[in-house]
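Close look at the chain arrangement
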Amino acid sequence: MASPLLTYDASAATRYLSPGRLDQLRSSIEAARDETLNDVTLWQSGEAVPKEKDPLDAGFIQWPEELLLNLNEQGDDSLVARIERCAARLRETADSVVVLGIGGSYMGMRAMFEALNNPFHNEQSREERKGVPRIYFEGWNVDSDNQKALLDLLDARAAAAKDSSAPTGRTAVIVISKSGRTLETAAAFRNFRALLERRFGDDVQQLIVPVTGDAGRLRDLANDAKFEDVFSIPDGIGGRFSVLTPVGLLPAAVAGIDIRSLLQGAADMTEHLRSADYGSNAILDYTAVSHAFEIDQGMTTRILSTWGCKLEAIGLWYDQLLSESLGKHELGATPLTVVNTRDLHSRGQQHQEGRRDKLITNVLPGQTSSEPLTLPGREDDFDQLNKFADYKLPRILQAAIDGTNKAYADDNRPTADIALPTINAHTVGQLFQMLMLATVVEGRLVGTNPYGQPGVEAYKKNMNAFLAES
Ligand code: PA5
């Protein structure tokens, strides 16, 4: 169901900027927005891209709208319907699904799963999960113990299943790699594929779903091996901007997430970028405030302060997005995600009294998704908490948020808020698109191409060279 749009409020921060500073930024921020949106036209035209804009992966901007239009026009033949059919098939055939991928082919799915599924999903029975498989993530490391533990678990489940054709003991694998040659994912795929081949023989063609670019080793395999479903990662959408392509939508649909609402939330945010004025535009205002504090006051650390366990993985997804997009030419703010109140007992000390190089943006979760818990009273009042008896937990959380913001304000440390009405597919879609658009607008503002990640190649080259030598 559609929720209202998230809001961005920096009123507690702007008093630390020089008077008129945000007004002064207006024209350059609006120009950066226009450039961001015009890049879509340039990208769609197929014309040669100027060197400073190469690569130009602007396809993510209008993609959610295109996909919803395609669904409207093509119905059962649309990409959304095809993803949903494949997800339903996997749910019926397997009770465990392993999603293999790294970076942009991993972080977004994990973020959605943690934000939108029961935190103890994998511990629930199949009935409690309403037939949604247990979901695991691998292929994002080269950690032998971690991978072996999962392989052993899935192998034991297959061995224990009385009926080898029933979903209970069966595992499916969604292997995601745009290039099809990322070593971590490819190495994990070998092991998980071998397990599936050993346990399920010819059924692997139904149990493995590649999601990949139009060329590469994984694409070649997908063409040769005749898997029942294969999905393409569209050209012109870079890895960390691909969460709302089949990269994220297929695992999300398997996990029972409403992918149409995700897309609608993102489409609404793109429209917000186009139509809302500076000063009441969450994307432009977030960009302007973050940029002004970085340039004027050296606040080069951007803390995404998430107020709920469900939001932490979205923060980690954003860490990648900001780092890989703007961490170039010896520039770019450093993102850092915290989840509170946990990290108030950890990083909180430094944020309160450490260097004044941090801008804190709270991400507020809004209404709880389930009936709020109450603090129970006790006759013995052993911990003297009866004074708060019958308080709902969200009230205690709000006091923590207010108390923390006040502590920062009392020491002249700026905070801003991104407030979600609640956490659901529609608002998570909004938040993804808001942060992706803001990252690109900021890139255009400061003259850094937000697309591409040439720096990531260096370690890959060395790693392969060391492997070849050893
Ligand atoms: O943002 C990016 O493009 C990267 O983080 C990639 O997603 C990551 O390196 C994985 O690449 P691939 O999907 O080709 O395996």
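Residues numbered from 1 in each chain as written. Predicted model: local features only at pLDDT ≥ 70, side-chain atom pairs only at ≥ 80, totals over all residues. Heavy atoms only, no water.

1. Quick notes on the site of the ligand
As a matter of local geometry, the ligand sits amid 13 residues, with Ser-105, Ser-177, Ser-179, Thr-182 and Gln-320 nearest to it. Interatomic distance of 2.7 Å between a side-chain N/O atom of Ser-105 and an oxygen atom of the ligand. A total of 380 Å² of accessible area belongs to the ligand in isolation, and the protein chains cover 90% of it. (Near = heavy atom within 4 Å. Polar contact = N/O pair within 3.5 Å; in protein donor to acceptor, adjacent residues only side chain to side chain. Areas by Shrake-Rupley, 256 points an atom, 1.4 Å probe, with all protein chains shown as cover.)

2. Quick word on the domain arrangement of the chain
Split by domain assignment, the chain resolves into domain 1 (7-56 + 265-453) and domain 2 (60-261). Its C-alpha centre places domain 1 at a distance of 29 Å from the equivalent point of domain 2. In this assembly, 35 residues from domain 1 lie in contact with 26 residues from domain 2. Counting the surface lost from both domain 1 and domain 2, the interface buries some 2,500 Å², and carbon and sulfur atoms represent 67% of this. For the domain 1 face of the interface with domain 2, the top three residues by lost area are Lys-310, Gln-320 and Met-436, together amounting to 19%. There are 2 salt bridges connecting domain 1 and domain 2. As a salt-bridge pair, Arg-240 and Glu-324 come within 3.2 Å of each other at their nearest N and O atoms. (Domains from an automatic or database assignment. Contact = heavy atoms within 4.5 Å. Buried area = accessible area lost by both parts, 1.4 Å probe. Salt bridge = Lys/Arg side-chain N within 4 Å of Asp/Glu carboxyl O.)

3. Some thoughts on the sheet that holds strand S7 (residues 301-306)
One open sheet holds the 5 strands; their spatial order is S1-S10-S9-S7-S8, and the pairing between them is mixed. Whereas interior strands pair on both sides, the edge strands pair on one side only; in this sheet they are strand S1 (7-9) and strand S8 (334-339). Put simply, the sheet's adjacent strands are angled 20° from each other on average, direction ignored. Alignment of S7 against strand S9 (residues 358-364), held across 6 bridges, turns out to be parallel. Note that in S9 the partner of Arg-302 across the bridge is Leu-359. (Pairing = 2+ DSSP bridges. Helix = DSSP H or I, 4+ residues; strand = E, 2+ residues; numbered from the N terminus. Axes fitted to C-alpha atoms, helices over the stretch in contact; angles between N-to-C directions.)

4. Observations concerning the nonpolar core
Ranked by size, the top nonpolar core spans 126 residues in total, and within it Phe-60, Val-173, Phe-192, Leu-250, Leu-262, Trp-317 and Phe-432 carry the most contacts. The greatest single-element share of this core, amounting to 12 residues, is contributed by helix H16 (residues 425-446). Apart from the residues lying within four places of it in its own chain, the contact partners of Phe-60 are Gly-236, Ile-237, Phe-241, Gln-433, Met-436, Leu-437, Val-440 and Tyr-451. (Core = buried A, V, L, I, M, F, W, Y, C linked by side-chain atoms within 4.5 Å. Buried < 20%, exposed > 50% of the residue type's maximum accessible area, 1.4 Å probe, protein only.)

5. Here we look at the sheet that holds strand S3 (residues 134-138)
Taken in spatial order, the 5 strands line up as S3-S2-S4-S5-S6 in an open sheet, and their pairing is parallel. At either end of the open sheet lies a strand with only one pairing partner, and these are S3 and strand S6 (231-232). Where helix H7 (residues 183-200) meets the sheet, its contacts fall on strand S2 (96-100), S3, strand S4 (171-177) and strand S5 (208-212), and the angle it forms with S4 comes to roughly 155°.

6. Remarks on a nonpolar patch on the surface
On the surface, Leu-373, Leu-393 and Ile-396 cluster together to form a nonpolar patch covering roughly 270 Å² of accessible area. Accessibility expressed as a relative area gives 60% for Leu-373, which makes it exposed. (Patch = residues over 30% accessible without salt bridge, like charges linked within 9 Å, V, L, I, M, F, W, Y side chains within 5 Å.)

7. Describing the packing of helix H2 (residues 21-45) against helix H12 (residues 282-297)
Each pair of packed helices gets described by two things: the angle between the helix axes and the distance between those axes. In the contact formed by H2 and H12, the axes pass within 10 Å of each other and the chain directions differ by 120°. Judged on the interaxial angle alone, H12 and H2 are oblique. Every pair of crossing elements has a handedness; the one defined by H2 and H12 is right-handed. Residue-level contacts link Arg-21, Leu-22, Leu-25, Ile-29 and Arg-33 of H2 to Leu-284, Thr-287, Ala-288, Val-289, His-291, Ala-292, Ile-295 and Asp-296 of H12. (Parallel < 35°, antiparallel > 145°, perpendicular 65-115°, else oblique. Left-handed = near helix turned anticlockwise from the far one by under 90°.)

8. Some points on the pattern of salt bridges
Counted according to the given criterion, the structure contains 33 salt bridges. Between Arg-260 and Glu-84 there is a salt bridge whose closest N-O contact spans 2.7 Å. Within this pair, whereas Arg-260 is found in helix H11 (residues 259-275), its partner Glu-84 is found in helix H4 (residues 79-93), the two being separated by 176 residues in sequence. When its relative accessible area of 37% is taken as the criterion, Arg-260 is described as partly exposed. In this structure, Asp-214 engages Arg-219 in a salt bridge whose closest nitrogen and oxygen atoms are separated by 3.9 Å. With relative accessibility at 52%, the residue Asp-214 sits in the exposed group. Residue classification places Arg-219 among the buried residues on the basis of a relative accessible area of 11%. A single network of salt bridges, built from pairs that share partners, joins Glu-35, Asp-39, Lys-53 and Arg-444.

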